[in-house]
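For reference, the chains in residue letters:
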Amino acid sequence: MTTKGKKQHGGVKEFIRETLVSLKRKPQTIPMLVLAAGFLYYSLNLTHVSNTTAKLQLSGMGLSGFCTMLFSLLSFVCFLNAYPHRKKTNIPMLVLMFAMLGILICCDTYYRGCITRALTRTDNPITVDASTRYITRAFDMLGVHRLIVGAGAVLTLLVPVLRKLLRRINTSLPVEEAGQMDAILLSEES
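This one's a predicted model, so the numbers in the text were calculated from it and none came from an experiment.

A. Looking closely at unusual backbone geometry. Positive phi values are uncommon outside glycine, yet Gln57 reaches one of about 50°. If you trace the backbone, Gln57 turns up in the loop between α3 (46-56) and α4 (61-82).

This is how it looks when you write it as structure tokens:
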């Protein structure tokens, strides 16, 4: 392996080590990233939800979509406030966040139920063809969104377990590299 290859390999190793050290300090980052991914997934597929609402026009569909967006943002804010920097976990914010995540899952379930009712009703059912394919995409997307939100909730519950598991990972530098780090730190101070 060339010197440049070794340097890049060491850089990747160091990046992974620094990421693990960061996760050891803040294991709540893992569920936060999952919840953020759920919000982004829903937001980027919001066109399917909007088109489906406009096509089906069933009672509560628009409100359900609005509540999903609103509580996605608010639950994220509650999550950030539940884990303040260098302080104990804020339990009331955590409880409020779980309530909002429950509302999110209920809204997704209700919206999927509306789609199912519109497609299976006896009088004038909606047929899905090439021009209304967005209805099935919205239905599938809401199912995946529920799973992502549920996974984020479970990971949030498991933060103490994640903390213990991450602490078992050895992220210390070998002795010879630690000596090099001391030399680098001393050269920066002078």
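B. The packing of α3 against helix α6 (residues 134-157), seen in detail. Across the interface, α3 lies against α6 with an axial gap of 8 Å and an inter-helix angle of 120°. If you check the angle between α3 and α6, you find them oblique. Crossing of α3 against α6: the hand is left-handed. Taken together, the residues of α6 that come into contact with α3 (itself represented by His48, Val49, Asn51, Thr52, Lys55 and Leu56) are Tyr134, Ile135, Arg137, Ala138 and Met141. Of the residues belonging to the contact of α3 with α6, the class tally is six nonpolar, three polar and two charged.

C. Spatial organisation of the side chain of Thr53. Of note, Thr53 is situated in helix α3. A polar contact of 2.4 Å, which involves the side chain of Thr53, links it to the side chain of Tyr111. Aside from chain neighbours lying at most four places away, what touches Thr53 is Met61, Gly62 and Tyr111.

D. Main features of the layout of surface pockets. Roughly 290 Å³ of volume is contained in the second largest pocket. What lines the second largest pocket is a set of 16 residues, among which Lys26, Gln28, Tyr83, Pro84 and His85 lie closest to the centre. Contributions of two or more residues to the lining of the second largest pocket are made by α2 (29-44) and α4. Looking at which element gives the most residues to the lining of the second largest pocket, the answer is α4, with three residues. Residues that form the lining of the second largest pocket fall into these classes: six nonpolar, four polar and six charged.

E. Spatial organisation of a nonpolar patch on the surface. A grouping of Val154, Leu157, Leu158, Val161 and Leu165 is seen on the molecular surface, where their side chains present a nonpolar patch of about 440 Å² in accessible area. By the secondary structure assignment, Val154 is in helix α6.

F. Broad picture of the packing of aromatic side chains. The final tally for this structure, using the stated rule, is one aromatic pair. The ring of Phe139 is capped by Arg112, whose NZ or CZ atom sits 3.8 Å from the centre of that ring.

G. Expanded view of the pattern of salt bridges. Enumeration over the complete set of coordinates arrives at one salt bridge. We note a salt bridge from Arg17 to Glu14, for which the minimum N-O separation is 2.8 Å. In this pair, Arg17 and Glu14 are both assigned in helix α1 (residues 3-25), three residues apart and thus about one turn of the helix distant. For Arg17, a relative accessible area of 21% puts it in the partly exposed group.

Reading guide: rules and limits
- Residues numbered from 1 in each chain as written.
- Predicted model: local features only at pLDDT ≥ 70, side-chain atom pairs only at ≥ 80, totals over all residues.
- Heavy atoms only, no water.
- Helix = DSSP H or I, 4+ residues; strand = E, 2+ residues; numbered from the N terminus.
- Axes fitted to C-alpha atoms, helices over the stretch in contact; angles between N-to-C directions.
- Parallel < 35°, antiparallel > 145°, perpendicular 65-115°, else oblique.
- Left-handed = near helix turned anticlockwise from the far one by under 90°.
- Contact = heavy atoms within 4.5 Å.
- Nonpolar A, V, L, I, M, F, W, Y, C, P; charged D, E, K, R; others polar.
- Polar contact = N/O pair within 3.5 Å; in protein donor to acceptor, adjacent residues only side chain to side chain.
- 1 Å grid on protein atoms, 1.4 Å probe; cavity = no way out; pocket = protein on both sides within 12 Å on 5 of 7 lines; lining within 4 Å.
- Points joined across faces, edges and corners; volume = space filled by probe spheres on them.
- Patch = residues over 30% accessible without salt bridge, like charges linked within 9 Å, V, L, I, M, F, W, Y side chains within 5 Å.
- Areas by Shrake-Rupley, 256 points an atom, 1.4 Å probe, with all protein chains shown as cover.
- Salt bridge = Lys/Arg side-chain N within 4 Å of Asp/Glu carboxyl O.
- Phe/Tyr/Trp six-rings, centres within 6.5 Å; stacked < 30°, edge-to-face > 60°.
- Lys NZ or Arg CZ within 6 Å of the ring centre and 35° of its normal.
- Buried < 20%, exposed > 50% of the residue type's maximum accessible area, 1.4 Å probe, protein only.

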